[in-house]
Amino acid sequence: MDFNKLINNHKQNIKNIIRLITKEENEDLEQEVYLKILKNSDKYSERGSLKSWISMIAKNTSLDYLKSSYHKMISSSTSDEEVINNIKNNSITPENKVIKLERQKQIIKAINGLKPKFKEVIMLCEIDGYSYEECAKKLKCPLGTVKSRIFNAKKELAIQLKDLLDT
């Protein structure tokens, strides 16, 4: 097995797998994958494709990295500069808390003022996070009915909350 040729042929695939799983470019992980391929090349049997075998090593190495305490420590630590920026940008003042609370009260009041069928679909889909399909099953009504009720409920809420939408 020509290792240099192997690396050149599969380098982009390995990078893509690492980026897909870890959501970052990580040359150290790439190197670790290459080392594992080199160390275990005698274990590769020609039963499966070489690309699948290499992809599995890249995938497992990436998953191991995500589980590692090192990754958790790095991703949870923040620099002093980030902390200072977060403090500076912190817009949670007592005044903003009161404004936010008032907005929430207006939204709740508007939802409670909807027709029962509209309120029901808004609560299920927008508050509880059900999909339209799940909502239709739960309410034992056609999907089109759920979509129509959501549309009409949102239209009604937009009218009632117009002053909030303008700010």
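Structure: see above.
These numbers were taken from a predicted model, which means no experiment stands behind them.

### Section: the overall build of the protein
Thought 1: Secondary structure summary: the protein contains 10 helices and zero strands in total.
Thought 2: Listing every helix and strand of the protein by position from the N terminus yields α-α-α-α-α-α-α-α-α-α.
Thought 3: Here the protein holds 167 residues, and 26% of them are scored as buried.
Thought 4: For the protein, the share of sequence-separated contacts (at least 6 apart) that also reach a separation of at least 24 residues comes to 54%.
Thought 5: Of the roughly 12,400 Å² of accessible surface on the protein, a fraction of 54% belongs to carbon and sulfur atoms.

### Quick look at helix α8 (residues 132–139)
Thought 1: Among the residues of α8, those classed as buried are Cys135, Ala136 and Leu139. Along the axis of α8, the buried residues cluster in a sector spanning 100°; they form a single face.
Thought 2: The secondary structure elements touched by the buried residues of α8 are α7 (116–127) and α9 (143–160).
Thought 3: A positive phi of about 55° marks lysine 140, the residue just after α8.

### Section: the pattern of salt bridges
Thought 1: Evaluation of the coordinates by the stated rule reveals five salt bridges.
Thought 2: For lysine 105, the salt bridge goes to glutamate 102, with nearest N and O atoms at 3.8 Å. Of the two residues, lysine 105 and glutamate 102 are both situated in helix α6 (residues 94–112); the distance of three residues between them amounts to about one turn of the helix.
Thought 3: In this structure glutamate 102 comes out as partly exposed when scored by relative accessible area, which is 41%.
Thought 4: Salt-bridge contacts for glutamate 126 lead to lysine 154; the nearest nitrogen and oxygen are separated by 3.3 Å. Pair noted here: glutamate 126 is in helix α7 and lysine 154 is in helix α9, with a separation of 28 residues, a long-range link.
Thought 5: Given a relative accessible area of 41%, glutamate 126 falls into the partly exposed group.
Thought 6: A residue is classified by how much of its surface remains accessible, and lysine 154, at 39% relative accessible area, is partly exposed.

### Thoughts on the nonpolar core
Generally speaking, soluble globular proteins have nonpolar side chains that are buried together.
Thought 1: Leu114, Ile122, Cys135, Leu139, Val146, Ile150 and Leu157 are the most contacted members of the largest nonpolar core, which totals 18 residues.
Thought 2: Among the elements of the structure, α6, α7, α8 and α9 are those that each provide at least two residues to this core.
Thought 3: At five residues, α7 tops the list of elements feeding residues into this core.
Thought 4: The residues touching leucine 139, leaving out its near neighbours within four places in the chain, are Glu120, Val121, Leu124 and Arg149.

What counts, and where the lines are drawn
- Residues numbered from 1 in each chain as written.
- Predicted model: local features only at pLDDT ≥ 70, side-chain atom pairs only at ≥ 80, totals over all residues.
- Heavy atoms only, no water.
- Helix = DSSP H or I, 4+ residues; strand = E, 2+ residues; numbered from the N terminus.
- Buried < 20%, exposed > 50% of the residue type's maximum accessible area, 1.4 Å probe, protein only.
- Contact = heavy atoms within 4.5 Å.
- Areas by Shrake-Rupley, 256 points an atom, 1.4 Å probe, with all protein chains shown as cover.
- Arc of directions from axis to C-beta.
- Salt bridge = Lys/Arg side-chain N within 4 Å of Asp/Glu carboxyl O.
- Core = buried A, V, L, I, M, F, W, Y, C linked by side-chain atoms within 4.5 Å.

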